[in-house]
Amino acid sequence: MITYDELHTQNHKITEHANILHYLLADRSLCDSEVTCDLFFHFADLVKEHIELTDKHFYKHLLVCDQETKNTANKFMSGSVEIKKVFSEYLSKWCNKRGKQLRISDYEHFKSETDEVFNMVLDRIVAETENLYPLVKEVTGDLRAVA
């Protein structure tokens, strides 16, 4: 069982990491620092964990409802698949798999893709908070947790 408070805490941490990384990665000289890399890979782990948690706990409640609710669930599920795909490709392109290091050969391209990926993740968090969580609360009648 996951509580909405835990989800909001996850969302806050992801958003906080994205905002801090936005500033750190804007300075090329900081991209290779151990602190920046640690924060970056922690952010990646938080995003993956959050998506897996959402996939595991949310959609089963929505897919047994009316067609409009099912459509919303399907939209979020397909969005989740797309985020996982894009995020995985992004990490494969810019990260060293053996060590937790960034591999930046073209900084401008890296920065542009990073902004796009981070914005995609942050847009998803807003959509979950404004649309998905309220819908699941309505369907389940539980305002505290998702079973």
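Everything numeric here is computed off the predicted structure, so don't read it as measured data. (Residues numbered from 1 in each chain as written. Predicted model: local features only at pLDDT ≥ 70, side-chain atom pairs only at ≥ 80, totals over all residues. Heavy atoms only, no water.)

Caption draft 1: Seen up close, the overall build of the chain. The helix and strand tally for the chain stands at five helices and four strands. Along the chain, helices (α) and strands (β) appear in the sequence β-α-α-α-α-β-β-α-β when read from the amino end. For the chain, the C-alpha atoms occupy an extent of roughly 50 × 25 × 25 Å along the three principal directions. Looking at the chain as a whole, 39% of its 147 residues are labelled buried. Sequence-distant contacts in the chain: of pairs separated by 6 or more residues, those separated by 24 or more amount to 73%. Carbon and sulfur atoms make up 53% of the accessible area of the chain, which amounts to about 8,300 Å² in all. (Helix = DSSP H or I, 4+ residues; strand = E, 2+ residues; numbered from the N terminus. Buried < 20%, exposed > 50% of the residue type's maximum accessible area, 1.4 Å probe, protein only. Contact = heavy atoms within 4.5 Å. Areas by Shrake-Rupley, 256 points an atom, 1.4 Å probe, with all protein chains shown as cover.)

Caption draft 2: Examining the pattern of salt bridges more closely. Summed over the entire model, instances satisfying the criterion amount to seven salt bridges. In this structure, Asp 55 and Lys 84 form a salt bridge, with 2.7 Å as the shortest nitrogen-oxygen distance. Here Asp 55 is found in helix H2 (residues 34–57), whereas its partner Lys 84 is found in helix H4 (residues 67–94), with 29 residues between them in sequence. Residue Asp 55 is classed as partly exposed on the basis of its relative accessible area of 23%. On the basis of relative accessibility, which here comes to 39%, the residue Lys 84 falls in the partly exposed class. A salt bridge links Lys 85 to Glu 89, with the shortest nitrogen-to-oxygen separation between them at 3.6 Å. A residue pair is termed a helical-turn pair when its members lie 3 or 4 positions apart in one helix, as Lys 85 and Glu 89 do in helix H4 at four residues. With relative accessibility at 44%, the residue Lys 85 sits in the partly exposed group. (Salt bridge = Lys/Arg side-chain N within 4 Å of Asp/Glu carboxyl O.)

Caption draft 3: Main features of the packing of aromatic side chains. Enumeration according to the criterion identifies nine aromatic pairs in this entry. Aromatic side chains Phe 43 and Phe 87 sit 6.3 Å apart centroid to centroid with 70° between the ring planes, which places their arrangement in the edge-to-face category. Remark: Phe 87 occurs in helix H4 and Phe 43 occurs in helix H2; sequence separation between them is 44 residues. Accessibility expressed as a relative area gives 1% for Phe 43, which makes it buried. Of the residues examined, Phe 87 reaches a relative accessible area of 4% and is grouped as buried. Consider the rings of Phe 87 and Tyr 90, whose centres lie 6.4 Å apart with planes at 25°: the pair is stacked. In this pair, Phe 87 and Tyr 90 both sit in helix H4, three residues apart, roughly one turn of the helix. Overall, Tyr 90 belongs to the buried group, its relative accessible area being 2%. (Phe/Tyr/Trp six-rings, centres within 6.5 Å; stacked < 30°, edge-to-face > 60°.)

Caption draft 4: Here's a closer look at the environment of Val 139. Within the fold, Val 139 resides in helix H5 (residues 107–140). The class for Val 139 is partly exposed, based on a relative accessible area of 32%. Discounting residues that sit within four places of it in the chain, Val 139 has contacts with His 61, Leu 62, Cys 65 and Thr 69.

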